[in-house]
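Per-entry structural report
Chain by chain, the residues:
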Amino acid sequence: MSDNGRVPRLSLADLRPRLPSPLTEIDDDRFTRHGVRVLLKRDDLIHPDLIGNKWRKLAPNLEAARGRPLVTFGGAYSNHLRATAAAGRLLGISTTGIVRGDELADRPLNPSLTRCAADGMRLHFVDRSTYRHKDRPATLAALLDAADARDAHVVPEGGSNALAVRGCTALGRELRGRADVVALACGTGGTLAGLAAGLAPDQRALGVAVLKGGFLTAEVRALQEAAFGGVRGDWQVADDFHFGGYARVPAELRAFAEDFEQRHGVPVEHLYVAKMLHALVTLAQQGAFSPGTTIAAVVTGTPQQ
């Protein structure tokens, strides 16, 4: 308790993130038979509530907000919304989530949005057409006005902006000299943009797109332009492993994730991490990695409870 009787607001340092996150080797014959070594970069262990790349992308935005309310965007199952709500609860900051799909307003909240609400996030549902144009200045202003969040610090969908990209360079720096290829699953591209910029010149980053559409390469370029004034690092996007699009988890992918968990004792999040790991197994089988290659696979999240 402070002298004025108020409970002092916690800082990010008070949350005690586990940084750098652990790097552990796995023994998996699907890689070793091709002469490929695989390490897991356990960003899922950074913090129990602000997991993985959510910590890396949110932390610089929280610092920039300086205690102001936060407003951000996401779908009904957005991990980013959950992380932002958790950050608000932990740091004593008001949060608002603008959620895609006004038809959801009259339905019971799913477990993900229930968690957001329990963490104190105000949920504001908007129709999908308006949501698609949320980056237009006039549309954004109208959304903030309708959500009573005009004075809030705006964090984009997925948390990917120039602040977040610069924050994610730390992930690349933590992996310098540890792997030849660093792979991660990508939704909005912010983590890949920062990771690639933080790696050494002889390393390359591989982003596995979890959404279909083939737009991610352009998005990563734009994010690096905004953050650094130009493209940085050696990186590429693999667009062929989305399994039909975001939140699509067919039986084949579910079985793969369960098998990986049994082999290695690592919980596998299905929407992102499973697709990245499946891509690496497939690419190794196709001979995409030269014998002697070391891959660091970034575990960016945990299964939702």
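Up top you'll find the structure we're talking about.
For the structure given in this document, a descriptive report is provided here. The model shown is predicted, which means the values in this text are computed figures rather than measured ones. (Residues numbered from 1 in each chain as written. Predicted model: local features only at pLDDT ≥ 70, side-chain atom pairs only at ≥ 80, totals over all residues. Heavy atoms only, no water.)

1. Describing the overall build of the protein
The condition is simple: In this description a helix means any DSSP run of H or I spanning at least four residues, a strand means any run of E spanning at least two, and both kinds are numbered starting from the N terminus. With the radius of gyration taken over C-alpha atoms, the globule rule is written as 2.2 Å times the number of residues to the power 0.38. To sort residues, take the accessible area from a 1.4 Å probe on protein chains only and compare it with the maximum for the residue type: under 20% means buried, over 50% means exposed, and anything in between is partly exposed. Contacts are residue-level and defined by heavy atoms, with any inter-residue pair within 4.5 Å sufficient. Values of accessible area rely on a 1.4 Å probe in the Shrake-Rupley scheme; residue burial ignores everything except the protein chains shown. Here the positive residues are Lys and Arg and the negative ones are Asp and Glu; neither His nor the chain ends is included. Here the site of a charge means atom NZ of a Lys, CZ of an Arg, CG of an Asp or CD of a Glu.
Per the secondary structure count, the protein includes eleven helices and ten strands. Since a compact globule built from 305 residues should have a radius of gyration of about 19 Å, the 19 Å found for the protein is in line with a globular shape. On the principal axes, the C-alpha backbone points of the protein span a range of 60 × 45 × 40 Å. Across the 305 residues in the protein, those meeting the buried criterion constitute 52%. Restricting to contacts in the protein with at least 6 residues of sequence separation, those with at least 24 account for 73%. Summed over all atoms, the accessible surface of the protein reaches about 13700 Å², with 48% contributed by carbon and sulfur. Looking at charge distribution, the protein has the averaged site of its 37 positive side-chain charges lying 2 Å from that of its 33 negative ones.

2. Digging into helix 9 (residues 216-228)
Stated formally: Multiplying 1.5 Å by the helix residue count minus one yields the expected span of that helix. Summarising the geometry, the arc corresponds to the directions from the helix axis toward the C-beta atoms.
With 13 residues, helix 9 extends 18 Å from end C-alpha to end C-alpha; this agrees with the ideal 18 Å at 1.5 Å per step. Those residues of helix 9 that fall on the buried side of the exposure criterion are Leu216, Val220, Leu223, Gln224 and Ala227. The arc that holds every buried residue of helix 9, seen down its axis, measures 100°, which confines them to one face. Opposite the buried face of helix 9, at more than 90 degrees from it, the exposed residues are Ala218 and Ala226. Gly229, located one to two residues past helix 9, shows a positive phi value of around 85°.

3. Notes on the sheet that holds strand 4 (residues 95-100)
To be explicit about the condition: Following DSSP output, two strands are said to pair if at least two bridges run between them. A fitted line through C-alpha atoms serves as each axis, taken over the contacting stretch for helices, and the angle formed by two N-to-C directions is quoted from 0 to 180°.
Read across the sheet, four strands follow the order 5-4-3-6 without closing on themselves; strand pairing throughout is parallel. The open sheet is flanked by strand 5 (122-126) and strand 6 (153-154), the only strands paired with a single partner. Looking at chain direction, strand 3 (residues 70-74) and strand 4 are connected through five bridges and run parallel. In the sheet register, Val71 faces strand 4, and the bridge partner there is Thr96. Running at roughly 115° to strand 3, helix 6 (residues 137-146) makes contact with strand 3, strand 4, strand 5 and strand 6 of the sheet.

In short, shape yes, function no, at least from these values alone.
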